[in-house]
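Listed below, chain by chain, are the residues.
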Amino acid sequence: MLSKNNIAGKRVLLISCNYAPEPNGTGKYNGELINWLAAKGYDCTVLTTYPYYPEWKISASYRPKKFLFSRETIPAGSKPVKVYRCPHYVPALPSGGKRVLQDFSFSLAASGKMLHLLLQRRFDVVITIAPSFHLGLLAAGYKSLRRTRFIYHIQDMQIEAASNLGMLRSSWLLQQMFRLEKYILRRADVISSISPQMVSSIATKASREVQLFPNWVDVDRYFPLDNRAALKERFGFSANHKVILYSGALGEKQGLENVLVAARQLQHHPDIRFVICGNGPYRQRLEALAAEWQLPQVTFLPLQPASHFNQFLNMADLHLVIQRGQASDLVMPSKLTTILAVGGVPIVTANEGSGLYQLINQHRIGISVIADDANALSQAIEGALQGGTCDISANARRYAQEQLAIDHIMERFEREILQAQQPV
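Structure report, in brief. (Residues numbered from 1 in each chain as written. Predicted model: local features only at pLDDT ≥ 70, side-chain atom pairs only at ≥ 80, totals over all residues. Heavy atoms only, no water.)

**Remarks on the overall build of the protein chain**
Piece 1. Regarding its fold elements, the protein chain presents 16 helices and 14 strands.
Piece 2. Taking 2.2 N^0.38 as the reference for a compact globule, 424 residues should give roughly 22 Å; the C-alpha atoms of the protein chain span a radius of gyration of 22 Å, in line with that estimate.
Piece 3. Dimensions of the protein chain along its principal axes, counting C-alpha atoms only, are 65 × 45 × 45 Å.
Piece 4. Burial analysis of the protein chain (424 residues in total) assigns 58% to the buried set.
Piece 5. Relative to all contacts within the protein chain whose residues are 6 or more apart in sequence, the contacts with residues 24 or more apart total 73%.
Piece 6. When the accessible surface of the protein chain is summed, it comes to about 18000 Å², and 52% of that surface belongs to carbon and sulfur atoms.
Piece 7. Taken as two groups, the 46 positive and 33 negative side-chain charges of the protein chain have centres that lie 9 Å from each other. (Helix = DSSP H or I, 4+ residues; strand = E, 2+ residues; numbered from the N terminus. Rg over C-alpha atoms; globule rule 2.2 N^0.38 Å. Buried < 20%, exposed > 50% of the residue type's maximum accessible area, 1.4 Å probe, protein only. Contact = heavy atoms within 4.5 Å. Areas by Shrake-Rupley, 256 points an atom, 1.4 Å probe, with all protein chains shown as cover. Lys, Arg positive; Asp, Glu negative; His and termini not counted. Charge placed at Lys NZ, Arg CZ, Asp CG, Glu CD.)

**Focus: the sheet that holds strand S14 (residues 367-369)**
Piece 1. Here we have 6 strands laid out as an open sheet, ordered S11-S10-S9-S12-S13-S14, and parallel in their pairing. Looking at which strands have only one partner, the edges of the open sheet turn out to be strand S11 (298-301) and S14. Across this sheet, the average inter-strand angle for adjacent strands is 25°, counted without regard to direction.
Piece 2. In this fold helix H9 (residues 257-265) packs onto strand S10 (272-277), S11 and strand S12 (318-321), with an angle of close to 165° to the strand it touches most, S10. (Pairing = 2+ DSSP bridges. Axes fitted to C-alpha atoms, helices over the stretch in contact; angles between N-to-C directions.)

**With respect to the nonpolar core**
Piece 1. In terms of nonpolar packing, the biggest core is built from 39 residues, with Leu13, Ile15, Leu47, Met114, Tyr152, Ile154 and Ile191 touching the most fellow members.
Piece 2. Residue contributions to this core peak at 5 residues, all from helix H3 (residues 96-118).
Piece 3. Val219, Leu336, Ile339 and Val348 belong to the second-largest nonpolar core, a separate cluster that totals 33 residues. (Core = buried A, V, L, I, M, F, W, Y, C linked by side-chain atoms within 4.5 Å.)

**Comments concerning the pairing of strand S13 (residues 346-349)**
Piece 1. Residues Pro346 and Val348 line one face of S13 and the alternating positions Ile347 and Thr349 line the opposite face, and both faces are buried.
Piece 2. The pairing of S12 with S13 spans 3 bridges and is parallel. The residue bridging His319 from the neighbouring strand is Pro346, located in S13.
Piece 3. Where S13 lies against S14, 3 bridges are found, and the strand directions are parallel. Directly across from Thr349, in S14, lies its bridge partner Val369.
Piece 4. Taken together, S13, helix H13 (residues 355-363) and S14 constitute a β-α-β crossover, and its handedness is right-handed. (Right-handed = clockwise from strand over helix to strand, strands pointing away.)

Shown next as structure tokens:
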């Protein structure tokens, strides 16, 4: 690990479309990453947007500033974190074309702010988070003008996912995006990603080494509780209800219609309750479909406050980690880490041969089912509720403690990535 002398004054710039106080996804992890570094003594600056995810609208407290540039100073560690927020376009109903426009608007605004940051004392390290992939251009440009270390971290393989899910159909546009990405991959000093399969895929197209830097979880904040029946009653259910919980983003890549199909197929079990918790552009569509199919056993809830999220997760008998088959190995669902930390039993859509399938089955930390198959999903739920999941729950908690604890992962990130010598 770096000595205190090396850390003192070491300046880090994070560039990302998503940052705290966004409650889940990339914004959550970015906030925790910077808070950890700041607590260790790093001088941290963030260049980002106004929080909008997963509702796909600017958070109410930031809405008066949404057309303006602003700066926040957030206490963290020995040095406060400086957060620069840029205005950008947020589509209410995101599509492939609208996402491109959103990314372009932030890039344009962030480029102007980068000119301002160039006049300040040099950053020792610049970290960009993909998505959006093109933000690496800002770091590459900064590196060309100021001697710095450029770390390119990939949370989602954005271009491949957009193509496979049919969000972008222009072959010319996809080709140009891949060309830009190739340039960024060449210019980065370090490339990292969150799963072994994503690391392998990126290394193949980049023709270079890619580091594994998985997402983490605070195992002291999220942990198992014993009073599940009381927790169910606290959140409005009966103690004898079997609660099947999906908590996270409600978007196109999840394919959550299959949850409603599974609920429809399991209506003959009056004690089963499906809970879909989250916000996003597809929630109204899901609610309308549940109403059309007359599914009173399906409850929709907003994202839960952090203050009682551990209790909320512990309420569930089973957790759903749903994504479409086309997104296999292009994204790693971030919600899985907290489910494992509370000793939850996740039912995960993961096709055989995918990295997620291998993870779940190798460590016996969940139940994998074929993606995009509502029949397989309902059968897995029915089978799991019949019992025999205690070992999965214990394995899940153990895996989170041993492999996903934030200090364990961040100390390795500091040692293997931040500690490396500066480029010449």
